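# Tertiary structure, described
The residues making up each chain are set out below.
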Amino acid sequence: MNKAEVSALFAQQFSEAPSFVIASPGRINLIGEHVDYNSGFVLPAAIDKYMYVAVSQRNDSQIALHATDLNQNFQTNLDAALQRSNLDWPNYVLGVIDELRKDGHVISGFNMLITGNIPIGAGVSSSAALECATVFACKHLFDLDISKQSLVITAQRAENNFVGVNCGVMDQFASMFGKADHVIKLDCADLSYTYFPFKLKGIRIVLFDTFVKHSLASSEYNTRRKECETGLAALRQQFSITSFREATLIMLDAVADTISSHVYHRCRYVIEEIARMEAACNHLLAGEIHAFGARMYETHTGLSKLYKVSCPELDLIVENCMKETAIIGARMMGGGFGGCVIALVQTTELETVYNRINAVYENTFGRSMGKYVMQIGDGTRVLK
Ligand code: GLA
């Protein structure tokens, strides 16, 4: 969508032109999963699918929100403390406002229209995109003096504190800092980052969507975080390390008696994934795409067997990707328990392999899987 189209929707709803229209993308992640909250590195990129928000200031203290695609409205007053809504989507906006106000920023009433084309519940972070769009819109609407890094942290805190998912920083960072045709190597310990060109000749990044939206995803996510904290505390009792970055499997084995087997497996995955991510980046720099793909498959095995955040639908797709020579690598992506598999697929074989894997998928689960061919796009911005 372009600025004029979003502005027209806004005008229909609020009978005026918006002051700004913001586009904020969803994200993919090539490798480095469930390590952003464990001081690891991740390799995400923004996609060319967006949440769009259009905003204007009001001269009262109301926030009036309209979600075009759901045809729902939400209105609240800024004079009192913000309360969670029973509708999901307003909480991403309210959470951002709440965090901005905690930091002492002055927010007054505004109108906001929300629309977009990011598949919801597919694990490509439509929620982070809405948080980033909101915080970016506020920065422009209220002329806030706030750095891009702080915008990311504010968006993440909205999800942690108001929405209640104790997520890491990857999704919001990728949405805000995305760059067309590049992946971002992000050091989640200090938010330093490098862009790597990622345009592979004859290869496309494809998502296979299970269409499974697991209701346990957020509670299990928070449980994984706690298990990792428990494991790290046990490691730190015996070794002078500060994070998983410095931990080794030898250290983990040394504390194995003091932790549950669940915690052991979670930590094992994290330590392996941090090392695997580093190896994968070296493969990418050396142009060794097949070695990179092999690391993706290993990540899937770890997420499925040790970290236990996969599901039968994701596992079946990845198992069948492994049988295809035209697929360089594949794995479940994001938080897990549903959503998408990310695969690197030879362009010419795309239809054939989709049809073959989908036939097995249909046979097993009685419905089709989705397919999205991804382009890597730019991060959050004001549309001109
Ligand atoms: C979700 C979270 C991220 C990250 C991934 C797993 O997308 O929001 O912070 O932890 O899961 O890598």
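These notes cover the structure that comes with them.

Conventions adopted
Residues numbered from 1 in each chain as written. Predicted model: local features only at pLDDT ≥ 70, side-chain atom pairs only at ≥ 80, totals over all residues. Heavy atoms only, no water. Pairing = 2+ DSSP bridges. Helix = DSSP H or I, 4+ residues; strand = E, 2+ residues; numbered from the N terminus. Axes fitted to C-alpha atoms, helices over the stretch in contact; angles between N-to-C directions. Contact = heavy atoms within 4.5 Å. Core = buried A, V, L, I, M, F, W, Y, C linked by side-chain atoms within 4.5 Å. Buried < 20%, exposed > 50% of the residue type's maximum accessible area, 1.4 Å probe, protein only. Phe/Tyr/Trp six-rings, centres within 6.5 Å; stacked < 30°, edge-to-face > 60°. Lys NZ or Arg CZ within 6 Å of the ring centre and 35° of its normal. Near = heavy atom within 4 Å. Polar contact = N/O pair within 3.5 Å; in protein donor to acceptor, adjacent residues only side chain to side chain. Areas by Shrake-Rupley, 256 points an atom, 1.4 Å probe, with all protein chains shown as cover. Nonpolar A, V, L, I, M, F, W, Y, C, P; charged D, E, K, R; others polar. Expected span 1.5 Å × (residues − 1). Salt bridge = Lys/Arg side-chain N within 4 Å of Asp/Glu carboxyl O.

## Comments concerning the sheet that holds strand 10 (residues 327–332)
Strands pair in a sheet through their backbones, by hydrogen bonds, and they do so in one of two ways: parallel or antiparallel. The 4 strands are arranged 10-11-9-12 in an open sheet whose pairing can be described as antiparallel. Edge strands, defined here as strands with exactly one partner in the open sheet, are strand 10 and strand 12 (370–374). In this sheet, adjacent strand axes meet at a mean angle of 20 degrees when their direction is disregarded. Note: strand 9 (residues 203–209) against strand 11 (residues 340–346), 7 bridges, orientation antiparallel. Note on strand 11: the bridge partner recorded for L207 is I342. Strand contacts of helix 9 (residues 289–306): strand 9, strand 10 and strand 11, with the helix running at about 25 degrees to strand 10, the strand carrying the most contacts. Contacts from helix 11 (residues 350–365) reach strand 9, strand 10, strand 11 and strand 12, with the element oriented near 155 degrees to strand 12.

## Things to note about the nonpolar core
Counting 131 residues, the largest nonpolar core has I28, F110, F208, F244, F292, I327 and L344 as the members making the most contacts within it. Ranked by residue count, the leading element in this core is helix 8 (residues 261–285), at 11 residues. Those residues in contact with F292 that lie beyond four places of it in its chain are L30, I31, L43, A280, H283, L284 and L344.

## A closer look at the packing of aromatic side chains
For the coordinates displayed, the defined rule picks out 11 aromatic pairs. Residues Y193 and Y195 carry aromatic rings whose centres are separated by 5.5 Å and whose planes lie at 80 degrees to one another, so their mutual orientation is edge-to-face. Y193 sits in the partly exposed class, given a relative accessible area of 32%. The exposure class of Y195 is partly exposed, given its relative accessible area of 26%. On the numbers, 5.0 Å between centres and 55 degrees between planes, the contact of Y361 with F365 is tilted. Here the residue Y361 and the residue F365 both occupy positions in helix 11, the gap between them amounting to 4 residues, near one helical turn. Judged by relative accessible area, which is 0%, Y361 ranks as buried. You can call F365 partly exposed: its relative accessible area is 23%. An aromatic cluster is present here, built from F173, F177, Y193 and Y195 joined pairwise through their rings. Above the face of the F177 ring, K148 is positioned so that its terminal group lies 4.6 Å from the ring centre.

## Concerning the site of the ligand
Close to the ligand lie R27, E33, H34, D36, Y37, C167, G168, M170, D171, Y221, G334 and G335, which account for all nearby residues. Taking G168, its main chain carries an N or O atom lying 2.9 Å from an oxygen atom of the ligand. Between the ligand and D171, the relevant distance is 2.6 Å, taken from an oxygen atom to a side-chain nitrogen or oxygen of the residue. Bound to the protein, the ligand loses 92% of the 310 Å² it would expose on its own. Residue composition of the shell around the ligand, grouped by class: 4 nonpolar, 4 polar and 4 charged.

## Here we look at the sheet that holds strand 5 (residues 72–77)
Strand order across the open sheet formed by 6 strands is 5-4-6-3-1-13, with mixed pairing between neighbours. Unpaired on one side and paired on the other, strand 5 and strand 13 (381–382) mark the two borders of the sheet. Those strands touched by helix 5 (residues 170–177) are strand 1 (20–29) and strand 3 (44–57), and its axis lies near 125 degrees from that of strand 1.

## With respect to unusual backbone geometry
In terms of backbone geometry, most residues other than glycine have negative phi values and most peptide bonds are trans. Positive phi is not limited to glycine here, since S15 has a value of about 55 degrees. On the secondary structure map, S15 appears in the loop between helix 1 (3–14) and strand 1.

## With respect to the pairing of strand 8 (residues 192–197)
Across 6 bridges, the pairing between strand 7 (residues 182–187) and strand 8 is antiparallel. Paired with H182 across the bridge in strand 8 is P197.

## Notes on the side chain of S56
You can see S56 is positioned in strand 3. Given a relative accessible area of 2%, S56 falls into the buried group. At 2.5 Å, the side chain of S56 forms a polar contact with the side chain of E16. For S56, the residues in contact, after removing those within four places along its chain, are F10, E16, A17, P18, S19, F110, N111 and L141.

## Structural notes on helix 4 (residues 148–163)
Residue pairs spaced three or four apart in an α-helix point in one direction, given the helix's 3.6 residues per turn. An ideal rise of 1.5 Å per residue puts 22 Å on 16 residues; helix 4 measures up with 22 Å between its terminal C-alpha atoms. Those residues of helix 4 not exposed but buried are L151, V152, T154, A155, Q156, A158, E159, N160, F162 and V163. Buried residues belonging to helix 4 abut helix 2 (90–102), helix 3 (126–141) and helix 5. G164 sits one or two residues past helix 4 and shows a positive phi near 95 degrees.

## Looking at the pattern of salt bridges
As enumerated under the stated definition, the model contains 17 salt bridges in all. One salt bridge in this structure joins R268 and E272, with 3.1 Å as the shortest N-O distance. One end of the pair is R268 and the other is E272, both in helix 8 and 4 residues apart, which spans about a single turn. R268 sits in the partly exposed class, given a relative accessible area of 24%. Among the ionic contacts, a cluster of salt bridges with common partners joins E99, K102, D103 and R157.

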